[in-house]
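Structural description and commentary
Here are the chains, one letter per residue:
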Amino acid sequence: MQKYLIIGLGNIGAQYENTRHNIGFKVVEEVAKKVDAKFSPSNFGEVAQFKYKARPVTLLKPNTYMNLSGDAVRFWMKKENISLENIFVITDDLNLPFGTIRMRGKGSDGGHNGLKDIQNKVGGQNYARLRFGVGNEFSEGKQVDYVLGDWSAEENEKMNERLSLAADAALSFIFQGLGNTMNQYNGK
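Taking an unreviewed UniProt entry as the reference, the protein is identified by name as Peptidyl-tRNA hydrolase belonging to Empedobacter tilapiae. The UniProt entry for the protein carries the following comment under Sequence similarities (unreviewed entry): "Belongs to the PTH family." Quoted verbatim from the Subunit (unreviewed entry) heading of the UniProt record, the comment on the protein is "Monomer."

What follows concerns the UniProt feature "active site" (unreviewed entry) in the protein. Cross-referencing UniProt, the feature "active site" (unreviewed entry) maps to His 21 in the present numbering. Summarising the element assignment, His 21 is placed in the loop between strand S1 (4-8) and helix H1 (23-35). Here His 21 falls in the buried class, since its relative accessible area comes to 14%. Leaving out residues up to four positions away in the same chain, His 21 has contacts with Leu 9, Gly 10, Asn 11, Met 66, Asp 92, His 112, Val 147 and Leu 148.

Before going further, it helps to examine helix H3 (residues 113-122). Among all positions of H3, only Gly 114, Leu 115, Asp 117, Ile 118, Gln 119 and Val 122 are buried. Elements that come into contact with the buried residues of H3 comprise helix H2 (69-80), strand S5 (87-93) and strand S7 (128-133).

Quick look at the UniProt feature "binding site: tRNA" (unreviewed entry) in the protein now. UniProt annotation of "binding site: tRNA" (unreviewed entry) refers to Tyr 16, Tyr 65, Asn 67 and Asn 113 when read in the numbering used here. Relative to the helices and strands, Tyr 16 is located in the loop between S1 and H1. Inspection of the secondary structure puts Asn 113 in helix H3. Residues contacting Asn 113, with those up to four places away along its chain left out, are Met 66 and Asn 67.

The subject of this paragraph is the sheet that holds S5. Pairing in this open sheet of 7 strands is mixed, and the strands run S2-S3-S4-S1-S5-S7-S6 from one edge to the other. Pairing within the sheet leaves two strands with one partner each, and these edge strands are strand S2 (40-42) and strand S6 (101-104). Neighbouring strand axes in the sheet, compared pairwise and without regard to direction, differ in orientation by 25° on average. Pairing geometry for S1 and strand S4 (residues 55-62), over 4 bridges, is parallel. Note on S4: the bridge partner recorded for Leu 5 is Thr 58. Its contacts with the sheet put helix H5 (residues 153-185) on S1, strand S3 (45-52), S4, S5, S6 and S7, and the angle it makes with S6 is roughly 25°.

Here the focus is the environment of Val 57. You can see Val 57 is positioned in strand S4. You can call Val 57 buried: its relative accessible area is 2%. Sequence separation between Val 57 and Ile 82 is 25 residues, and the spatial gap between their C-alpha atoms is 9.7 Å.

Here the focus is the packing of H2 against H3. Two elements in contact, H2 and H3, have axes separated by 7 Å at closest approach and are oriented at 45°. If you check the angle between H2 and H3, you find them oblique. Like other packed secondary-structure pairs, H2 and H3 cross with a definite hand, here right-handed. Each of Ser 69, Gly 70, Asp 71, Val 73, Arg 74 and Met 77 in H2 lies in contact with H3, whose residues at this interface are Gly 114, Asp 117, Ile 118, Lys 121 and Val 122.

By the criterion of burial, S1 is predominantly enclosed, with 5 of the 5 residues buried. Where burial is concerned, the two faces of S1 agree: the one with Tyr 4, Ile 6 and Gly 8 and the one with Leu 5 and Ile 7 are both buried. In this sheet, S5 lies alongside S1 in parallel orientation, the contact comprising 4 bridges. When the bridges of S5 are listed, Gly 8 appears paired with Ile 90.

Conventions used here
Residues numbered from 1 in each chain as written. Predicted model: local features only at pLDDT ≥ 70, side-chain atom pairs only at ≥ 80, totals over all residues. Heavy atoms only, no water. UniProt positions renumbered as here; feature names shortened; annotations may be inferred. Helix = DSSP H or I, 4+ residues; strand = E, 2+ residues; numbered from the N terminus. Buried < 20%, exposed > 50% of the residue type's maximum accessible area, 1.4 Å probe, protein only. Contact = heavy atoms within 4.5 Å. Pairing = 2+ DSSP bridges. Axes fitted to C-alpha atoms, helices over the stretch in contact; angles between N-to-C directions. Parallel < 35°, antiparallel > 145°, perpendicular 65-115°, else oblique. Left-handed = near helix turned anticlockwise from the far one by under 90°.

So this is what it looks like as structure tokens:
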């Protein structure tokens, strides 16, 4: 039986909870809500485990901070014996308009330190990822402030719908595979 590891990237701590950089956490929390799974503290983060259409799934919110996410991913891949093609990483993307979803089966880290660390620790770029657009409405030199900033009122109005769509894409990856999921959700 193939097992799956769905990782939402973010930073721990109340000061980061509702920031753009923590959208990965928000998406996996939405997945957990849809399947009635509960997160609990464990090694390298908070984990929720469940079966989706008879497939074992581990949801992970690493507690390593964004830039060291690879340690948590590597640990859970080994602990649960999950292959690289069955991991799905959810992260923020400055190059996409707010709420836009883009999935790929492999690729560069695109300058994202969380993805860079995962790639270094798991041995390559050949893992699926969902990038959730956070937009780039910031002035020069203000990128860090922007990604660590809270969502605008307009973004918050649309957030539930966008989170639900991203969570559906994560669940689709488990059952329908990456190709079908990309065809159905990319660019939405």
